[in-house]
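Remarks on the overall topology
The chain contents come next:
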Amino acid sequence: MLFDTHTHLDNEAFNEDREAVIAHAAEQGVTRMVNVGFNRETIPTTMALAEKYDFIYAAVGWHPVDAITMKPEDIDWIAELAKHDKVVAIGEIGLDYHWDTSPKDVQQRVFRQQIGLARELNMPIVIHNREAHEDVVRILREEKASEVGGIMHSFSGSWETAKMCLDMGFYLSFGGPITFKNAKQPKEVLVKVPNDRLLIETDSPYLTPHPFRGKRNESAHVRLVAEAGAQLKGMEYEEFCRITTENGVTCFDIR
Ligand SMILES: [Zn+2]
């Protein structure tokens, strides 16, 4: 029993074999996935997947990298889609200071707007944070994101940042990097995160775990993340899978 809480199966990397990839994940014990649509192109393809497959849920939001492309009517579009049964979160939203496709002030405005929307809808948020830890935490606080909580996706920050996110009621999600030999920080943080706040994900087709690094990632590989996580936590594999799946079900309020 595995829950891949963050995947992009609608990505063009899966155009040749999407059905097989999804079937393979199910064979490997992946019982639930959240596919994330994050702009004008990927929101419709994410919705289509969630409608086609029972065990695929959707998160919809506007990615910080694409912030500059968001029009006022897009927030209404997201609000409308959020009423759909299979939409379980607003995201991925946040800040990305690595790529400079959208100016920081635009990213911050779009981020704040979507936290506001999530609070109106009372839905959890999925946070993308790249090289922007300080501003992400500050904005989450200022916008009272603790009222809805959510997930710090592919968490890459320090334990100090992790603590601030945990205090605001967030779950921390870990993926491929915890399987990398030289990734000290995410491993150390994972060990300290309380068991009831821990989630796992692939972020496929990105962030492929060891030993497939360099190849396309897929949801079945969440098993490798769970194996690494269980080992770091000193927990039985089955127990680790059970706990992280339960957390996902609780966090996204999936029955
Ligand atoms: Zn993502």
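Preceding block: the structure.
Residues numbered from 1 in each chain as written. Predicted model: local features only at pLDDT ≥ 70, side-chain atom pairs only at ≥ 80, totals over all residues. Heavy atoms only, no water.

**Digging into the overall build of the protein**
For clarity, the cut-off: We count a stretch as a helix when DSSP gives it H or I for four or more residues in a row; a strand needs E for two or more, and each element gets its number in order from the N terminus. The quantity called the radius of gyration is restricted to C-alpha atoms. Its globule counterpart is 2.2 Å times the number of residues to the power 0.38. When a residue's accessible area, from a 1.4 Å probe over protein chains only, is under 20% of the maximum for its type it is buried; when over 50% it is exposed; and in between it is partly exposed. Residues count as neighbours in contact if any of their non-hydrogen atoms are within 4.5 Å of one another. Method for areas: the Shrake-Rupley scheme with a 1.4 Å probe, in which residue coverage is limited to the protein chains shown.
Within the protein one finds nine helices and eight strands. A compact globule built from 255 residues would reach a C-alpha radius of gyration of about 18 Å, and the protein, at 17 Å, matches this within 12%. Referenced to the eigenvectors of the C-alpha coordinate spread, the extents of the protein come out at roughly 45 × 40 × 35 Å. In the protein, buried positions account for 58% of the 255 residues. For the protein, restricting intrachain contacts to residue pairs at least 6 apart in sequence, the fraction spanning at least 24 positions comes to 72%. Looking at the protein as shown, the accessible area adds up to about 11,300 Å², and 49% of this sits on carbon and sulfur atoms.

**Quick look at the sheet that holds strand 2 (residues 30-37)**
Going by this rule: Two strands qualify as a pair provided that DSSP identifies no fewer than 2 bridges between them. Between N-to-C directions, angles cover 0 to 180 degrees, with each direction set by a line fitted to C-alpha atoms, over the stretch in contact for helices.
Here eight strands make up an open sheet; going across it, the order is 1-2-3-4-5-6-7-8 and the pairing parallel. For this open sheet the edge positions go to strand 1 (2-7) and strand 8 (198-200), each flanked by a neighbour on one side alone. Strand-to-strand twist of the sheet, defined as the mean angle between neighbouring strand axes without regard to direction, takes the value 30°. When strand 7 (residues 170-174) meets strand 8, the two strands line up parallel, connected through three bridges.

**What to know about the coordination of the zinc ion**
Using the following cut-off: We call an atom a donor if it is N, O or S and sits within 2.8 Å of the metal, or 3.2 Å for Na, K and Ca. Water is not counted, so some sites may look partial. Only four donors with every angle between 85 and 135 degrees are called tetrahedral; only four or six donors with opposite donors over 155 degrees apart and all others between 65 and 115 are called square planar or octahedral, in that order; all others are irregular.
Protein ligation of the zinc ion involves His6 (NE2), His8 (NE2), Glu92 (OE) and Asp203 (OD), the donor distances falling in the range 2.1 to 2.7 Å. Of note is the zinc ion, whose four donor atoms meet at the metal with angles of 81 to 176° in an arrangement that counts as irregular. The sequence motif formed by the donor residues of the zinc ion is H-x1-H-x83-E-x110-D. Of this pair, histidine 6 sits in strand 1 while glutamate 92 sits in strand 4 (residues 87-96), and the two are 86 residues apart along the sequence. For the pair formed by histidine 6 and glutamate 92, the shared burial category is buried.

**Observations regarding the nonpolar core**
Rules: As used in this record, nonpolar core signifies buried Ala, Val, Leu, Ile, Met, Phe, Trp, Tyr and Cys residues forming a set joined through side-chain atoms within 4.5 Å.
Ranked by size, the top nonpolar core spans 71 residues in total, and within it Ile125, Leu140 and Leu172 carry the most contacts. For this core, the leading source of residues is helix 4 (residues 104-121), giving six residues. In this structure, isoleucine 125 is in contact with Ile90, Ile93, Ile115, Ala118, Leu140, Ala145, Gly149, Gly150, Ile151 and Phe170, ignoring residues within four places of it in sequence. Grouped together as the second largest cluster of nonpolar side chains are 14 residues, Val34, Ile151, Tyr171 and Phe252 included.

**Comments concerning unusual backbone geometry**
Here the amide bond leading from serine 204 into proline 205 is cis, since omega sits at 10°, within 30 degrees of zero. With respect to the helices, strands and loops of the structure, proline 205 is situated in the loop between strand 8 and helix 8 (222-233). Omega for the peptide link from histidine 210 to proline 211 comes to 5°, which places this bond in the cis form. Mapped onto the elements of the fold, proline 211 is located in the loop between strand 8 and helix 8. Of note, the phi angle at lysine 144 is positive, near 55°, even though the residue is not glycine. Mapped onto the secondary structure, lysine 144 falls in the loop between helix 5 (133-142) and strand 6 (150-152). With relative accessibility at 45%, the residue lysine 144 sits in the partly exposed group.

**A look at the side chain of asparagine 247**
Residue placement: asparagine 247 occurs in helix 9 (residues 237-251). The buried category is assigned to asparagine 247, whose relative accessible area is 8%. Not counting residues up to four positions away in its chain, the partners in contact with asparagine 247 are Tyr171, Asn195, Asp196, Arg197, Leu198 and Leu199.

**Concerning the environment of valine 110**
With respect to the element layout, valine 110 can be found in helix 4. Sequence separation between valine 110 and glycine 169 is 59 residues; the distance between their C-alpha atoms is 22 Å. Discounting residues that sit within four places of it in the chain, valine 110 has contacts with Trp62, Ala67 and Met70.

**Some details on the packing of helix 3 (residues 72-81) against helix 4**
Going by this rule: When an angle is under 35 degrees it counts as roughly parallel; over 145 it counts as roughly antiparallel; between 65 and 115 it counts as roughly perpendicular; any other value is oblique. Two helices crossing with the near one rotated counterclockwise from the far one by less than a right angle form a left-handed crossing, whereas a clockwise rotation gives a right-handed crossing. Under the scheme applied, nonpolar residues are Ala, Val, Leu, Ile, Met, Phe, Trp, Tyr, Cys and Pro; charged residues are Asp, Glu, Lys and Arg; polar residues are all the others, including Gly.
With their axes 11 Å apart at the nearest point, helix 3 and helix 4 run at an angle of 30° to one another. The pairing of helix 3 with helix 4 is recorded here as roughly parallel in orientation. The handedness of the crossing between helix 3 and helix 4 comes out as right-handed. Facing Ile75, Ile78 and Ala79 of helix 3, the residues of helix 4 in contact are Gln113, Gln114, Leu117 and Leu121. Of the residues assigned to the contact of helix 3 with helix 4, the class counts are five nonpolar, two polar and no charged.

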